[in-house]
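Fold and contact review
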Amino acid sequence: MTNVGVLASGRGSNFRAIVEHKQLGIFNNVDVRLLIYNYSEAPVAQIAEKAGIPSRLIDHRERSRQEFETDVMNALEEQQVDLVCLAGWDRIVGSEFFNKYRWRAMNIHPALLPAFGEKGLNARFVHEAVLQYGAKVTGCTVYFIDISVEKGPIILQKPVEVREKETALFSTDTDQAVEILSNRVLIQEHRLYSKAIQLYADGRLHVNEFETEQGGPTRKVTFLDIDDKWEKDWTRRQQRFIEHQARAWASNPSITEEGLR
Ligand code: GRF
């Protein structure tokens, strides 16, 4: 069994999607053991409460940096968490945490890294930057965290096409354009994160660390024994979540059927 602990700071839609994969019986040998959040008012806490998942508030504003990190690690330890999933977590992980959870902690970013991954570019600002730049493709990335910001080894990526309509709308109604694009990316995030978790739980992820000819270490995630059968099986199992997602988004006029594909 892989015990997952989620670190989230705000809305928590990625946390909810992970929990839903669990509730719908899609995961094999994955348990969602704990949510850690760092603002008392974070909506994500209610998602955990409703789902009956233990949660812990660890407010970084009431502690030193060191104490905060120690408290987070102790809480994870208490619940015997094997895999840490950062999902909208607004703190940077320190070296002690990284060393302890080396290649056992993931994050999700709402763009195709390394594009639009600079420090300070989170959530809304990422999509705004994508539209501002006029990029034709964006997407989302799940990666193993390391001490750099958004530079850890990439596990999975999913491209999402930026529509002409959104780019055009951006100049007249920035907020609306950003909302539509971010929702379309979010739909893919909610699918991709759980796939990465299942790959981890199945022991299919290996981080290959080596020196390049130009010097300097590099790290790449390789998939172990992942074949058509694994993919097909996952796609079949995840279908239940995709149908559930379609129902959940049905009342949102910004998402058409195409956005749910
Ligand atoms: C997501 O877009 C995620 O990629 C980014 O922050 C956002 C968090 O959203 N890291 P939510 O809290 O999971 O709804």
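Scroll up to find the structure this text is about.
Conventions we followed
- Residues numbered from 1 in each chain as written.
- Predicted model: local features only at pLDDT ≥ 70, side-chain atom pairs only at ≥ 80, totals over all residues.
- Heavy atoms only, no water.
- Buried < 20%, exposed > 50% of the residue type's maximum accessible area, 1.4 Å probe, protein only.
- Helix = DSSP H or I, 4+ residues; strand = E, 2+ residues; numbered from the N terminus.
- Pairing = 2+ DSSP bridges.
- Right-handed = clockwise from strand over helix to strand, strands pointing away.
- Phe/Tyr/Trp six-rings, centres within 6.5 Å; stacked < 30°, edge-to-face > 60°.
- Axes fitted to C-alpha atoms, helices over the stretch in contact; angles between N-to-C directions.

**Things to note about the pairing of strand β2 (residues 30-37)**
- Of all 8 residues in β2, 6 are buried; the element is thus mostly enclosed.
- Bridge count for β2 against strand β3 (residues 55-57) is 3 bridges, and the pairing is parallel. Along β3, the bridge assignment pairs Tyr 37 with Leu 57.
- Traced from β2 through helix α2 (residues 44-51) to β3, the parallel crossover comes out right-handed.

**Some remarks on the packing of aromatic side chains**
- Tallying each qualifying case throughout the model produces 6 aromatic pairs.
- When the centroid spacing of 5.0 Å and the interplanar angle of 35° are considered together, the rings of Phe 97 and Tyr 101 count as tilted. With respect to burial, Phe 97 and Tyr 101 carry one shared label: buried.
- Where Phe 116 meets Tyr 133, the ring centres are 5.9 Å apart and the plane angle is 80°; that geometry is what we call edge-to-face. In this pair, Phe 116 is assigned in the loop between β5 (105-109) and α5 (124-133) and Tyr 133 in helix α5, connecting sequence segments 17 residues apart.
- By relative accessible area, Tyr 133 is classed as exposed at 67%.
- Through a chain of ring-to-ring contacts, three or more aromatic side chains come together here, namely Phe 98, Trp 103 and Phe 144.

**Looking at the sheet that holds strand β6 (residues 137-144)**
- Strand order in this open sheet of 7 strands is β3-β2-β1-β4-β5-β6-β7, and the pairing throughout is mixed. The sheet is open, and its two edges are formed by β3 and β7 (154-161), each paired on a single side. Taking each pair of neighbouring strands and ignoring which way they run, the sheet shows an average axis angle of 20°.
- In the sheet, β6 pairs with β7 via 7 bridges, with the strands oriented antiparallel.

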